[in-house]
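# A closer look at the structure
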Amino acid sequence: MEKKGRSQSGAIWFRFQKNKLALISLVILGAIVLAALFANVLIDPELVTTTNSSLRLQTPSAEHWFGTDLYGRDVLARIVYGARVSLTVSVTAVFGALIVGGLLGAVAAYFGGHVENIIMRIMDIFMAIPSLVMAIAVVAALGASTVNLVVALIVARAPQFARVVRSAILPIRDLEYVEAATACGTSHRRIILRHILPNVLGPIIVQTTLQMGHCIIQIAGLSFVGLGIQPPTPEWGSMLSEAREYMRRYSFLVVPPGLAIMITVFCFNRIGDGLRDALDPKLKN
Amino acid sequence: MFKYILKRLVMLIPIILGISFLIFFVMSLSPGDPARIILGEYATQEDVEALREEMGLNDSLIVQYARYIFKAIRGDLGTSYQTGQPVIREILERFPFTFKLAIGAVMIAVVLGIPIGIISAVKQYSWIDNLSMVVSMILTSMPGFWYGLMLMIIFALNLRWFPSTGASSFKHYVLPCITLSCNTFALMIRTTRSTMLEEIRQDYVRTAKAKGARAMRVIAKHSLRNALLPVITVAGMQFGILLGGAVVIESVFSIPGLGTYVVNAVKLKDTPSVTAAIMFIGVIGGVVNLIVDVLYTYIDPRLKSRYVKPKAVSRSEKEAA
């Protein structure tokens, strides 16, 4: 371990900050989150939805850094508000999937036997379907809206959490301290929540961070084909779908939303990698 | 070995049933009444009720599903609400486009990704290694459809090397395949690199070198064979994911494959088409995964011995004990 006197979280932070790329990503992501949180302070909400035909399709200028779109709306403003939409939807979906999948995985691993078999076989079937296809199936059944998109993403992502949580708990389940807790008459709920969960937090945190990136890409992809967040809500994927129509002459509109997605996802992935190394130094290379 | 393959094929049946039931169940949650959709808004309630009875919509979900599957085995996946055509014919017409796209993407990823991964591992921390790591980090962070749009702007609209949309010639597939392969390509580089790094550090490599084998020979003859096994599995597993990813990429390049078909059918609320097409993608993906799994066991002697000659293994296990 590290030097004496450093708490566990201090030791994790010490290892994390040695990974410069992850540290930079954390700073950039922090800025993106702040911009999304305070979007209405930074930028007049009117700019996002008000259409103005005299301003349509302007090239980038000092006034409109990224230009204006087909309806004369400022692209930068829509990107910043789009961050809000993308982050809210992906955070909700990933945490939803974490709760649903994590509970299923925990129950499967803890109780074992038939319970485990049934849960994991059902999860296998879910996993056999590509997550994007699963999400499309749910949207197809429920209709395209933001709430249904979240539901679709939870259904598509929960099995992955179930698998990660289960495989993290399996080696711990039979350890002596769990046996001791059982012998003391501790309830299942308390053993799972107090004794087992804190010990498997590492892989769960890493998985959650990495899933955020995948989720943002899927939200954008579904919105791009018109099955996700519906216009006029500013969303990066649907902005790209609009920009695509005028790509031949106004290619500058295609660049900013894609860059926004890429930078955000890149940050999540690098932070996830950094956390993986920091939380479990044994895994590194 | 034959017995093992047969066993795996039998195991495929519950997975196919599971996938199809899951999708059937999800699709049955849609709020609209199919009989009402077919007959239109102005049909009388009696007519709707009669059609519901005729279509078997009043039966339980399990019964409906069983009927669907028995029809599906005979090649009847229902009729599209939109075109009135048998869904199976529409799917089979469109699937070749998606299939070519996915195969092309896997090929690009394998043919380019594996050599780059090998070089990165052999020359760890060299500029090639660093560059390929940065490229793969960027590629995995990029949404595929945006990558496709950028390629289109550069190579189709500005340089005019390739056509921007359609699927009528080989040239039409170049940009879509590159686009679809972006994630898999990055994954291939990383997987090959990490498995190669592991193999290079093995004792047998040192032994071979000590015996005077040239570095290239050790890499090509010894390490590569072992390192490629997991890579092949990953490539195969990607195929199903690529079929799913094609849904978005097809609509970027207006390729008339299964992806654009699903998206249109969803927008038109054409439930029989959506159910069948999604089931088709899910089942094909599942089947390919299984085939890869079987192949893997066949290629890897360590695993093969476990299944092909169970007696030999149990004897050695006894000795070990």
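Predicted model only: the values in this text are computed from it and were never measured.

Cut-offs used in this document
Residues numbered from 1 in each chain as written. Chains lettered and ligands numbered in written order. Predicted model: local features only at pLDDT ≥ 70, side-chain atom pairs only at ≥ 80, totals over all residues. Heavy atoms only, no water. Helix = DSSP H or I, 4+ residues; strand = E, 2+ residues; numbered from the N terminus. Rg over C-alpha atoms; globule rule 2.2 N^0.38 Å. Buried < 20%, exposed > 50% of the residue type's maximum accessible area, 1.4 Å probe, protein only. Core = buried A, V, L, I, M, F, W, Y, C linked by side-chain atoms within 4.5 Å. Domains from an automatic or database assignment. Contact = heavy atoms within 4.5 Å. Expected span 1.5 Å × (residues − 1). Polar contact = N/O pair within 3.5 Å; in protein donor to acceptor, adjacent residues only side chain to side chain. Buried area = accessible area lost by both parts, 1.4 Å probe. Salt bridge = Lys/Arg side-chain N within 4 Å of Asp/Glu carboxyl O. Nonpolar A, V, L, I, M, F, W, Y, C, P; charged D, E, K, R; others polar. Axes fitted to C-alpha atoms, helices over the stretch in contact; angles between N-to-C directions. Parallel < 35°, antiparallel > 145°, perpendicular 65-115°, else oblique. Left-handed = near helix turned anticlockwise from the far one by under 90°. Patch = residues over 30% accessible without salt bridge, like charges linked within 9 Å, V, L, I, M, F, W, Y side chains within 5 Å. Areas by Shrake-Rupley, 256 points an atom, 1.4 Å probe, with all protein chains shown as cover. Lys, Arg positive; Asp, Glu negative; His and termini not counted. Charge placed at Lys NZ, Arg CZ, Asp CG, Glu CD. pLDDT = per-residue confidence, 0-100. Bend = angle between axes of the 7 residues up to and from the residue. Phe/Tyr/Trp six-rings, centres within 6.5 Å; stacked < 30°, edge-to-face > 60°. Lys NZ or Arg CZ within 6 Å of the ring centre and 35° of its normal.

Tallying secondary structure elements over chain B gives 14 helices and zero strands in all. Walking chain B from its N terminus toward its C terminus, one meets helices and strands in the order α-α-α-α-α-α-α-α-α-α-α-α-α-α. Computed over C-alpha atoms, the radius of gyration of chain B comes to 25 Å, more than 25% over the 20 Å expected from 2.2 N^0.38 for 321 residues, which places it beyond the range of a compact globule. On the principal axes, the C-alpha backbone points of chain B span a range of 85 × 65 × 30 Å. Within chain B, the proportion of its 321 residues that are buried is 46%.

Attention now moves to unusual backbone geometry. The omega angle of the peptide bond from Pro231 of chain A to Pro232 of chain A is 10°, so this bond is cis rather than trans. Relative to the elements of secondary structure, Pro232 of chain A occurs in the loop between α11 (201–224) and α12 (236–245).

With that settled, the discussion passes to the nonpolar core. Ile136 and Ile261 of chain A together with Ile91 of chain B are the most contacted members of the largest nonpolar core, which totals 158 residues. Each of two domains, domain 1 (19–73) and domain 2 (99–256) of chain B, supplies a minimum of three residues to this core. What Ile91 of chain B contacts, discounting residues up to four positions off in sequence, is Leu77, Leu258, Tyr261, Ala276, Ala277 and Phe280 of chain B. Judged by nonpolar contacts, the second largest core, of six residues, contains Ile43, Val48, Val80 and Tyr81 of chain A.

One full turn of an α-helix is made of 3.6 residues, so residues set three or four places apart face in the same direction. Given a rise of 1.5 Å per residue, 16 residues ought to cover 22 Å, and the 22 Å separating the end C-alpha atoms of helix α6 (residues 113–128) of chain A matches this to within 8%. Of the positions making up α6 of chain A, those classed as buried are Glu116, Ile119, Met120, Met123, Ile125, Phe126 and Ala128 of chain A. Taken together, the buried residues of α6 of chain A touch α5 (75–111), α7 (131–142) and α8 (146–173) of chain A together with α1 (2–28) and α12 (271–299) of chain B.

Residue and element names in this part refer to chain B. Note that Ser136 resides in helix α6 (residues 127–141). Given the relative accessible area of 1%, Ser136 is considered buried. At a separation of 3.2 Å, a polar atom in the side chain of Ser136 contacts the main-chain carbonyl oxygen of Met133. The contact partners of Ser136, leaving out residues within four places of it in the chain, are Ala186 and Arg190.

Our focus in this paragraph is the interface of chain A and chain B. Opposite the 39 residues of chain A that make contact, chain B presents 44 residues. Note on chain A versus chain B: buried area summed over both sides is about 3500 Å², and carbon and sulfur give 79% of it. Contact with chain B buries area across many residues of chain A, yet Val225, Met247 and Met262 of chain A alone supply 14% of it, more than any other trio. For the pair chain A and chain B, the interface holds zero salt bridges. Those elements that provide at least two residues to the side of chain A that touches chain B are α6, α7, α11, α12 and α13 (255–279) of chain A. The residue inventory of the side of chain A that touches chain B, partitioned by class, reads 29 nonpolar, seven polar and three charged.

On to the domain arrangement of chain B. Domain annotation for chain B reports domain 1 (19–73) and domain 2 (99–256). Put simply, the middle of domain 1 of chain B and the middle of domain 2 of chain B, counted by C-alpha atoms, are 44 Å apart.

Where α13 of chain A contacts helix α7 (residues 144–158) of chain B, the axes come no closer than 10 Å and their chain directions differ by 140°. Comparing their axes, α7 of chain B and α13 of chain A come out oblique. The interaxial crossing formed by α13 of chain A with α7 of chain B has left-handed handedness. On α7 of chain B, the residues that touch Val255, Gly258, Leu259, Ile261 and Met262 of chain A of α13 of chain A are Phe145, Trp146 and Met150 of chain B.

Residues and elements named next belong to chain A. By the element assignment, Asn148 lies in helix α8. Residue classification places Asn148 among the buried positions, given a relative accessible area of 15%. Contacts of Asn148, omitting those with residues within four sequence positions, involve Leu142 and Gly143.

A grouping of Arg214, Arg217, Lys221 and Arg225 of chain B is seen on the molecular surface, where their side chains present a positively charged patch. With respect to the helices and strands, the residue Arg214 of chain B is situated in the loop between α9 (203–210) and α10 (215–253).

Our focus in this paragraph is the confidence of the model for chain A. Taken as a whole, chain A shows an average pLDDT of 85; of its residues, 95% reach a score of 70 or greater. Mean pLDDT across the secondary structure elements of chain A bottoms out at helix α4 (residues 46–49) of chain A, with 74, and peaks at helix α2 (residues 20–37) of chain A, with 92.

Before going further, it helps to examine the confidence of the model for chain B. For any part of a model where pLDDT is low, the fine detail of the predicted coordinates should not be relied upon. Residue and element names in this part refer to chain B. For chain B, the mean per-residue pLDDT works out to 83, and 93% of the residues sit at or above 70. Under a pLDDT of 50 for its full length, residues 310–321 has, in the predicted model, three contacts with residues more than four places off or in other chains. Here the predicted complex scores 0.86 on pTM and 0.85 on ipTM.

This next bit is on helix α5 (residues 87–122) of chain B. Its 36 residues give α5 of chain B an end-to-end C-alpha distance of 51 Å, which sits within 8% of 52 Å, the value for a rise of 1.5 Å per residue. Residue Phe95 of chain B marks the point of greatest curvature in α5 of chain B, where the axis turns by about 35°; the proline Pro96 of chain B follows within four residues.

This brings us to the packing of aromatic side chains. Tallied over the full model, the rule gives eleven aromatic pairs over all chains. When the ring of Trp13 of chain A is compared with that of Phe16 of chain A, the centres are 5.9 Å apart and the planes differ by 25°; the resulting orientation is stacked. In this pair, Trp13 of chain A and Phe16 of chain A both sit in helix α1 (residues 8–18), three residues apart, roughly one turn of the helix. Exposure remark for Phe16 of chain A: the relative accessible area of 4% places this residue in the buried category. Centroid distance Phe21 of chain B to Tyr65 of chain B: 5.0 Å. Interplanar angle 80°. Geometry classified as edge-to-face. Taken together, the positions of Phe21 of chain B in helix α1 and Tyr65 of chain B in helix α4 (residues 61–73) put the pair 44 residues apart, joining distant regions of the chain. Of the aromatic side chains, those joined through ring pairs into one cluster are Phe21, Phe24, Phe25, Tyr65 and Tyr68 of chain B. For the cation-ring pair, Arg270 of chain A lies above Phe266 of chain A, with the distance from its terminal atom to the ring centre recorded as 5.3 Å.

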